[in-house]
Amino acid sequence: MSISQTSSHLFCLKMLIFSQQFVSISDMKKTAIIILLLFSGFEYVNSQIVNPKPLSERITGYKIDCELDAKAKTVTGTMEAYWVNPSKDIVPDIQLHMYLNAFRSNKSTFFKDYGKINLHKKEDFGWINILSIYDKNGNDLKPVMKYISPDDGNPDDMTVLDISLLQPAKPGDTVVIKVSFVSKLPVIVARTGYNSDYFFVGQWFPKFGVYEPQGMRYAQKGGWNCHQFHSNSEFYANHSVYDVNITLPKEYVVGTGGMQLEEKEIDGGRKILKTRAEDIVDYAWTAWPGYSVFKDQWQHVKITLLIPTERKEQVNRQFTAVKHALEFFSKNVGPFPWPYLTIVDPPNKGTGSGGMEYTTLFTSESVNSIPDYLHLPEMATIHEFGHAYFMGILASNEFEEPWLDEGVNSFYEERIVDHYYGPDGGLIDHPFFKVTDMAFYRMPYTTSQNKQTVTNAENSWNYAHGTYGMMSYNKAATCLHTLMGIIGEESMNDAFREYYRRFAFKFPSGRDFINVVNEVVTKAHGDKFGTDLNWFFDQTIYGTGICDYKVNSIKSTRITGFQGMINDGDSVKYTGNLHTEDSLYISTVQINRIGEVMLPLDILVHFDNGDQVYETWTGKERFKDYNYTGKRKVDWVKIDPDYKIKMDVNLINNSMTLSPDRKPVRRYTDKLIAFMEFFINIISL
């Protein structure tokens, strides 16, 4: 919401007070940017409605007035937006994402990547058209705009718009554009669009790319980071201020990524909602007449839940899940800074829009009837909320490093689900069948035939053989669980707390994250794990090798008359008297490293008299033998008894016993029968 013009002396006083406040939480660069914006006519940036102080540099900002045409499935809008040149470069152009054009035709890069999309009729497709665009001086920019395809050169892709500036932007300059646009929503696809009277409006307005100055992330020179819309890419944007006013039929219930300031009815059976969002990376909204609205609160955060009326029995489940997530993240990563949060549980007709995140608004996923022992809605809610941290607050680049958001967030989702819903059955807690969320995520990686095809150093659209999800979600999360097993849970928490403290609202790279881990772990453990942990990340996140350790054999040889024992090559000869009471055993345990990944691990050796020995091994050699001499024999051996190395792709060969127990076979048979009954119940939901 804009503020009114003030007299010059009051304006300067406000600017001075604001600058003093802002320096206390950030650096002079932020202050300079805000002052430039104030003098550029964007004094609304100074208006703090949501939070007491700005959280980000606010390189970009948007004022949008829009109207939903529920019959035509369009959103028509006018937008005034700014971008501040944060670099030392003279920038000749601006670049805008035009995401909805991914659904304009079957020739777009998104269509080609995806392979098959359920868009058939003309009204199923979506697009965004710029009706007019002017700079702050009233110059028409339509003649100098063109669509580009920086990723694949596809001449038919229209998801990135380049606009030449009539006057190049010098360092610190503010570029202002005034745009009229119309967005035609597609039938729900890629978590945006419509179905009948249901609307989820995402990626719906012309949106600035990110200009990365030299030295930001991996930028060797300044330039626009504005990728095309790919089927396996999500988003990357500056933290912005959004003043968005939405006009639509009055019967619609609306949820947005902004804080609602006002709602009033106007002529023509319509209403207008005025909203404000600060320091978020994107703005989305939903509208549907069938939502029921529920309210709750966790500490300073007012929570709104939009859910189909027929799912009222799940309201407490949704609120409880998001409160668990707020508590866990606040304790182990950092505070959630906004005073509001909106959860959307789409109806069945809006299923395709479920499971998407927009910092202060996200969509969960559920069905109308789901048993209490199946925590899928909770999993979805916790996962999508978590993106508020890694996609939202930290704002990593999902186009280029999807694991840094999706993998890290999946790691936290698993921890939270299994912490609050049971360490043995966090995801499925049926009396006869339990599955942890961690195990659920681990399996697609460990069982994949393509787990050695690529590394996590790829851009999101370059993962071969359908490995994007398995690599960026499953493998990355499993790697982080393994790292936590090695360095300890508290050191892992300390690393993420420092990561948040240092890089909140600053667009970190994967290398930034690794550097933080190295510093925190070295400070806590010295050189216990080496001078740094690069060896871990190089093998796991950025490597294609697998981790697989195996108990190869257990051998125990009985020795009597040991006073005269001699070793002649591979045979053992005995001399002297043979006395049973003098019997000794030589037990040998052989451990093999089958995979390429080398990790430190523990080995538990159990003897027939009940004794146990813990061995530690660097895991670097291809094999390791342990020899024990005494009156006891090795009974069984288990690699990684505390299950720290979750990357090990074959847990079956991690143990061996000389005295097998048939009871587990019977237990697994019973579990298999129980699972069959469970599966029949699930498919009948």
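Residues numbered from 1 in each chain as written. Predicted model: local features only at pLDDT ≥ 70, side-chain atom pairs only at ≥ 80, totals over all residues. Heavy atoms only, no water.

## Concerning the overall build of the protein
Item 1. A count of helices and strands for the protein gives twelve helices and 33 strands.
Item 2. Within the protein, the proportion of its 685 residues that are buried is 57%.
Item 3. Relative to all contacts within the protein whose residues are 6 or more apart in sequence, the contacts with residues 24 or more apart total 70%.
Item 4. With an accessible surface of roughly 28900 Å², the protein has 52% of that area assigned to carbon and sulfur atoms. (Helix = DSSP H or I, 4+ residues; strand = E, 2+ residues; numbered from the N terminus. Buried < 20%, exposed > 50% of the residue type's maximum accessible area, 1.4 Å probe, protein only. Contact = heavy atoms within 4.5 Å. Areas by Shrake-Rupley, 256 points an atom, 1.4 Å probe, with all protein chains shown as cover.)

## Some points on unusual backbone geometry
Item 1. Unusually for a residue other than glycine, Gln 203 sits at a positive phi of about 50°.
Item 2. Residue Gln 203 is classed as buried on the basis of its relative accessible area, which comes to 5%.
Item 3. Even without being glycine, Thr 359 reaches a positive phi, approximately 65°.
Item 4. Within the secondary structure layout, Thr 359 lies in the loop between β21 (356-357) and β22 (361-363).

## Points about the sheet that holds strand β10 (residues 207-208)
Item 1. Taken in spatial order, the four strands of this open sheet run β5-β6-β3-β10, and their pairing is antiparallel. The open sheet has two free edges, formed respectively by β5 (145-147) and β10, since each of these has just one partner strand.
Item 2. Inspection of the sheet shows β5 paired to strand β6 (residues 160-169) by three bridges, in the antiparallel sense. In the sheet register, Lys 146 faces β6, and the bridge partner there is Asp 162. (Pairing = 2+ DSSP bridges.)

## With respect to the sheet that holds strand β33 (residues 655-657)
Item 1. An order of β30-β29-β32-β33 is seen for the four strands of this open sheet, with the pairing classed as antiparallel. Whereas interior strands pair on both sides, the edge strands pair on one side only; in this sheet they are β30 (612-617) and β33. In this sheet, adjacent strand axes meet at a mean angle of 15° when their direction is disregarded.
Item 2. Inspection of the sheet shows strand β29 (residues 601-607) paired to strand β32 (residues 634-639) by five bridges, in the antiparallel sense. What sits directly across from Phe 607, in β32, is Val 634. (Axes fitted to C-alpha atoms, helices over the stretch in contact; angles between N-to-C directions.)

## Section: the side chain of Ser 364
Item 1. Structurally, the position occupied by Ser 364 is in the loop between β22 and α5 (376-393).
Item 2. By relative accessible area, which is 0% here, Ser 364 ends up buried.
Item 3. Residues within four places of Ser 364 in sequence aside, it is in contact with Gln 318, Val 344, Asp 345, Pro 346, Gly 354, Gly 355, Pro 377, Ala 380 and Thr 381.

## So, the packing of helix α9 (residues 489-503) against helix α10 (residues 510-525)
Item 1. Packing of α9 against α10 leaves a shortest axis separation of 9 Å and a crossing angle of 130°. When the axes of α9 and α10 are compared, the pair comes out oblique. Crossing of α9 over α10 shows right-handed handedness. Taking contact as the criterion, the partners of Ser 491, Asp 494, Ala 495, Phe 496, Glu 498, Tyr 499, Arg 502 and Phe 503 in α9 are, on α10, Asp 512, Phe 513, Val 516, Val 517, Glu 519, Val 520, Ala 524 and His 525.
Item 2. In terms of residue class, the contact of α9 with α10 is built from nine nonpolar, two polar and five charged. (Parallel < 35°, antiparallel > 145°, perpendicular 65-115°, else oblique. Left-handed = near helix turned anticlockwise from the far one by under 90°. Nonpolar A, V, L, I, M, F, W, Y, C, P; charged D, E, K, R; others polar.)

## Overview of the nonpolar core
Item 1. Ranked by size, the top nonpolar core spans 181 residues in total, and within it Trp 204 and Trp 285 carry the most contacts.
Item 2. Here the element with the most residues in this core is helix α8 (residues 468-487); it accounts for twelve residues.
Item 3. Excluding residues that lie within four positions of it along the chain, Trp 285 makes contacts with Cys 66, Leu 68, Val 75, Phe 199, Phe 200, Val 201, Trp 204, Ile 246, Leu 248, Val 254, Gly 255 and Thr 256. (Core = buried A, V, L, I, M, F, W, Y, C linked by side-chain atoms within 4.5 Å.)

## Side note on the pairing of strand β7 (residues 174-184)
Item 1. Across the eleven residues that make up β7, a large majority, nine, are buried.
Item 2. Here strand β2 (residues 74-84) runs beside β7; their pairing, made up of eleven bridges, is antiparallel. When the sheet's bridge partners are listed, Met 79 is paired in β7 with Val 179.
Item 3. Sheet topology note: the strand β4 (residues 127-135)/β7 ladder contains eight bridges and is antiparallel. Within the sheet, the bridge partner assigned to Ser 132 lies in β7 and is Ser 180.

## Focus: the state of the cysteines
Item 1. The final tally for this structure, using the stated rule, is zero disulfides.
Item 2. Lacking any disulfide linkage, Cys 547 is separated from the closest cysteine sulfur, that of Cys 479, by 9.7 Å. (Disulfide = S-S within 2.5 Å.)

## Focus on the pattern of salt bridges
Item 1. By the definition in use, this model includes 30 salt bridges.
Item 2. Among the salt bridges present, the one from Glu 262 reaches Lys 274, with a minimum N-O distance of 3.8 Å. Of this pair, Glu 262 sits in strand β15 (residues 259-266) while Lys 274 sits in strand β16 (residues 270-280), and the two are twelve residues apart along the sequence.
Item 3. What makes Glu 262 partly exposed here is its relative accessible area of 32%.
Item 4. Relative accessible area serves as the criterion here: at 26%, Lys 274 is assigned to the partly exposed category.
Item 5. Ionic pairing is found between Arg 415 and Glu 489, a salt bridge with its closest N-O pair at 3.0 Å. A residue pair is termed long-range when its members are at least 10 positions apart, and Arg 415 in helix α6 (residues 406-421) and Glu 489 in helix α9 qualify at 74 residues.
Item 6. On the accessibility criterion, Glu 489 (46% relative accessible area) is partly exposed.
Item 7. Via salt bridges that share partners, Arg 58, Asp 243, Arg 276, Glu 278 and Asp 279 belong to a single interconnected network. (Salt bridge = Lys/Arg side-chain N within 4 Å of Asp/Glu carboxyl O.)

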